[in-house]
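This is what each chain is made of:
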Amino acid sequence: MPKIVSISTHQLPYSVQQENAEALTKELFHAEMPKLERYLKVFENGGIQTRHFCVPPEWHRTEHSFEERNNLYIQLATQYGVSVIQNCLQNERFLTTAIATQDIDAMIFISSTGISTPSIDARIMNELPFSDRLKRIPVWGLGCAGGAAGISRAYDFCQAYPTAKVLVVCVELCSLTFQPNDFSKSNIVGASLFADGAACVLVCGDEVSIPTCKPLPSILATGSKWMPNSEEVMGWQVKNNGLHVVFQKSIPSIITTWLGPFVEQFLLEQQLHMEQVQHFIAHPGGKKVLQAYEDTLYLASQKNNISREILRQYGNMSSPTVLYVLEQFMLHTAQQEDTGLLVALGPGFCAEAVLLRWGS
Ligand SMILES: CC(C)(COP(=O)(O)OP(=O)(O)OC[C@H]1O[C@@H](n2cnc3c(N)ncnc32)[C@H](O)[C@@H]1OP(=O)(O)O)[C@@H](O)C(=O)NCCC(=O)NCCSC(=O)/C=C/c1ccc(O)cc1
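Everything numeric in this text was worked out from a predicted model, so none of it was measured.

## Side note on the UniProt feature "domain: Chalcone/stilbene synthase N-terminal" (unreviewed entry) in the protein chain
Piece 1. UniProt's feature table lists "domain: Chalcone/stilbene synthase N-terminal" (unreviewed entry) at residues 101-206, given in the numbering used throughout.
Piece 2. Helix and strand shares over residues 101-206 are 28% and 26% respectively, and the end C-alpha atoms of the span are 19 Å apart.

This is the structure:
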């Protein structure tokens, strides 16, 4: 079975405490939104303490065109992509010997917060000595589901090519999409929730032998589920000044009714039940999203402790978030023979599930 042999996450340069983010939002929006105080409560109630960004808070006090935001996206997504790849391929917590970039067969580059053609993976290849025969697979538009989908597509690639070494690189710079002139409730709730992040995993096929220092997860199965006619649940509205976030407040209740039957069916196909899964590795989309997972899957709240802690320390970084959660399981928690279920949801509306088993 294809295996996840290394992982890395990036520490963004500007850390902001939630009370300071709330104060800045108040300053930017109070003149235009009479009921602002009521919505500012989400900053205190959302289970988030700190978030990390690619620009300092002051950056939001001045206007920035779509062109300026996107140019910064291209520059920084490339820079952070290079950094997480280097750290993943040289990560001594998992690998006994570093892996050379020349030996990588495919790169799946996941991002939905900026636009670039050539895609960021090509720009990364101009910074690191990858093979010029590398298979490039840029994926745009899966939003928060992207990290789980990336692992799932890497699994498919390694099933087809068992000697393959595949990188999944997720970079999201949500702060560059923040709209200071959008006075919608969603924009305020989004301003309390979203953050920047970058992460990378290395997935290897069955016929790759890499010496590693600890038990690591093999990928047993993957499942995708799409909900018909749900385009308006989550996504971007593209306007002249950039990307405006669309996410319905009904998302937690949609998860409560829709996710459980899919996960149950997916596990059943592997002759498993949720009680046999030791580790629930969830994308913490928000406090109420975590609650919805617990309700629909009958999970004890402790099963979400690591996801909750990542939400507290980092906020919702979209696609890389679930990899920050996975990193904690890989470093500190999971033992040989443990089973884990990794789940994330995104625009479409869709869910991606990955079943993991820790081996020697
Ligand atoms: C922590 C929250 C945000 C706040 O909880 P709370 O403090 O207990 O407050 P309420 O839930 O009662 O909400 C306060 C007010 O905000 C309103 N609200 C509550 N979510 C909403 C709402 N999505 N719209 C518009 N009003 C709302 C809510 O209706 C209410 O207004 P009102 O009815 O007038 O009292 C909680 O609602 C929560 O966890 N919600 C789930 C968040 C969620 O859906 N996350 C998954 C989606 S993530 C996603 O789509 C990512 C996209 C993305 C986007 C940009 C990027 O850069 C990258 C990615």
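## Some words on the nonpolar core
Piece 1. Ile85, Phe130, Leu167 and Leu326 are the most contacted members of the largest nonpolar core, which has 91 residues in total.
Piece 2. It is helix H3 (residues 66-89) that provides the largest number of residues to this core, a total of 10 residues.
Piece 3. When residues of this core are sorted by domain, at least three fall in each of domain 1 (3-204) and domain 2 (216-359).
Piece 4. Ranked by size, the runner-up nonpolar core spans 35 residues in total, among them Phe247, Phe262, Leu345 and Ala351.

## Some details on the side chain of serine 116
Piece 1. For serine 116, the location among the structural elements is in the loop between strand S4 (106-110) and helix H4 (120-125).
Piece 2. What makes serine 116 buried here is its relative accessible area of 15%.
Piece 3. A polar atom in the side chain of serine 116 sits 2.6 Å from the backbone oxygen of proline 118.
Piece 4. In this structure serine 116 touches Ile74 and Arg123, once residues within four positions along its chain are discounted.

## Quick word on the pairing of strand S10 (residues 242-247)
Piece 1. Across 6 bridges, the pairing between strand S9 (residues 234-239) and S10 is antiparallel. Considered in S10, the bridge of glycine 235 is made with valine 246.
Piece 2. Here S9 hands over to S10 after 2 residues, the two strands then running antiparallel side by side.

## Some words on the pattern of salt bridges
Any two side chains of opposite charge can pair, so long as their charged atoms come close to each other.
Piece 1. Using the criterion set out here, one finds 6 salt bridges in the structure.
Piece 2. For glutamate 352, the salt bridge is made with arginine 153, and the minimal N-O distance between the two is 2.9 Å. Residue glutamate 352 is found in strand S13 (residues 350-358), and its partner arginine 153 is found in helix H5 (residues 146-160); the two are separated by 199 residues along the sequence.

## As for the site of the ligand
Piece 1. In the region of the ligand, 29 residues are neighbours, and Arg38, Cys174, Ser186, Phe247 and Lys288 sit closest.
Piece 2. Here arginine 38 contributes a side-chain N or O atom positioned 2.9 Å from an oxygen atom of the ligand.
Piece 3. Between the ligand and threonine 177 there is a distance of 3.5 Å, counted from an oxygen atom to a side-chain nitrogen or oxygen.
Piece 4. Expressed as a share of its isolated accessible area of 1,100 Å², the protein-covered part of the ligand is 84%.
Piece 5. Put simply, the parts of the chain that give the shell around the ligand at least two residues each are helix H2 (36-45), helix H6 (185-193), S9, S10, helix H7 (251-269) and helix H8 (287-297).
Piece 6. A class-by-class count of the residues in the shell around the ligand yields 14 nonpolar, 10 polar and 5 charged.
Piece 7. Each of two domains, domain 1 (3-204) and domain 2 (216-359), supplies a minimum of three residues to the shell around the ligand.

Analysis parameters
- Residues numbered from 1 in each chain as written.
- Predicted model: local features only at pLDDT ≥ 70, side-chain atom pairs only at ≥ 80, totals over all residues.
- Heavy atoms only, no water.
- UniProt positions renumbered as here; feature names shortened; annotations may be inferred.
- Helix = DSSP H or I, 4+ residues; strand = E, 2+ residues; numbered from the N terminus.
- Core = buried A, V, L, I, M, F, W, Y, C linked by side-chain atoms within 4.5 Å.
- Buried < 20%, exposed > 50% of the residue type's maximum accessible area, 1.4 Å probe, protein only.
- Domains from an automatic or database assignment.
- Polar contact = N/O pair within 3.5 Å; in protein donor to acceptor, adjacent residues only side chain to side chain.
- Contact = heavy atoms within 4.5 Å.
- Pairing = 2+ DSSP bridges.
- Salt bridge = Lys/Arg side-chain N within 4 Å of Asp/Glu carboxyl O.
- Near = heavy atom within 4 Å.
- Areas by Shrake-Rupley, 256 points an atom, 1.4 Å probe, with all protein chains shown as cover.
- Nonpolar A, V, L, I, M, F, W, Y, C, P; charged D, E, K, R; others polar.

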